[in-house]
Amino acid sequence: MTKNYKLNYNQYKHSIDAFTTGDFLNGSLDKPIGLITYSRLLTEDNVLYFTQNTKRTCRIPLGLQKRDDKLKFIDLMERGFTYFDTAYMYHKYESERAVKKALVDRWPRDRYVLADKLPLSHLKEEADMERFFQEQLEKCGVSYFDYCMLHNMSRSYYETAERLGAFAFVRRKKEEGKARRIGFSFHADAELLEEILLKHPELDFVQLQLNYIDWESPNIQSRQCYEVCRRYGKDVIVMEPVK
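About the criteria used
Residues numbered from 1 in each chain as written. Predicted model: local features only at pLDDT ≥ 70, side-chain atom pairs only at ≥ 80, totals over all residues. Heavy atoms only, no water. Helix = DSSP H or I, 4+ residues; strand = E, 2+ residues; numbered from the N terminus. Expected span 1.5 Å × (residues − 1). Buried < 20%, exposed > 50% of the residue type's maximum accessible area, 1.4 Å probe, protein only. Arc of directions from axis to C-beta. Contact = heavy atoms within 4.5 Å. Polar contact = N/O pair within 3.5 Å; in protein donor to acceptor, adjacent residues only side chain to side chain. pLDDT = per-residue confidence, 0-100.

## A short note on helix α4 (residues 127-140)
Look at α4: 21 Å from first C-alpha to last across 14 residues, which is about the 20 Å you get at 1.5 Å a residue. Within α4, the full set of buried residues consists of Asp128, Met129, Phe132, Phe133, Gln136, Leu137, Lys139 and Cys140. Seen from one end, α4 has its buried residues packed into an arc of 165°, which puts them on one side. In α4, the exposed positions that point more than 90 degrees away from the buried face belong to Ala127 and Glu138. Buried residues along α4 sit against α2 (90-93), α3 (95-104), β7 (113-118), β8 (145-153), α5 (155-164) and α6 (166-175).

## Structural notes on the side chain of Ser217
Note that Ser217 resides in the loop between β10 (205-209) and α8 (222-231). You can call Ser217 buried: its relative accessible area is 13%. A distance of 3.2 Å separates a polar atom in the side chain of Ser217 from the backbone nitrogen of Asn219. Within the local environment of Ser217, its side chain forms a polar contact with the backbone nitrogen of Ile220, the two atoms lying 3.1 Å apart.

## Some words on the confidence of the model for the protein chain
Across the protein chain, pLDDT averages 77, with 69% of residues at or above 70. Under a pLDDT of 50 for its full length, residues 1-58 has, in the predicted model, 136 contacts with residues more than four places off or in other chains.

As structure tokens, this is what we get:
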């Protein structure tokens with residue numbers, strides 16, 4: 001199983017992700033415990049999915065595959081998943097449509113939590129934010145997102161976000177009821193993260209790359225970034241727990 005697991009994960013690593021939330025370090029910042037909440041990955045018709053003991057979250061379209069021009073869906077809701085993550089660019093811009101077909105059209109809105117991300121990389125002017133946001137709502141077939149993120153926050157995209165007023169934009173969407181919680185997915189250093197959280201206390205959460213390998217990485221700085229979030233009282237959503 002271990003050999004097949006590694007082979008399959010490497011094959012599909014760009015199509016899958018998993019997240020955990022809360023105090024996954026079991027109260028300690030010195031020794032990461034419980035970072036990975038699932039025990040293994042299985043395959044079914046060459047599609048990866050997490051075993052039932054996870055009962056956490058997934059990235060759409062995990063469990064979707066093309067077959068005879070139709071999407072086959074492994075029903076993750078019945079396996080206990082409730083948090084689903086997508087983004088504008090995922091899977092050649094088709095992920096959000098897959099969310100609608102596989103999740104939104106099949107389950108009541110109050111049964112799941114949906115996260116989406118405003119594409120900072122695609123923003124050229126202020127008006128782009130409203131255009132992309134409305135397009136994302138329409139493609140997903142929902143009237144609001146439970147978690148709305150500014151996508152792929154780096155030093156260069158932070159400049160974009162500040163220049164175009166992206167933080168104020170997502171705050172307005174929260175006030176309008178179209179985003180229940182607002183934050184960003186982060187891909188930079190702990191110093192920048194602290195700068196952002198100090199300047200924007202209105203943010204609810206941060207999505208961080210956290211795993212055992214990157215915990216002390218000088219480039220990714222998983223531990224340092226996590227500690228910054230804890231100091232500022234921000235919830236953490238974990239991305240890429242398996243590496």
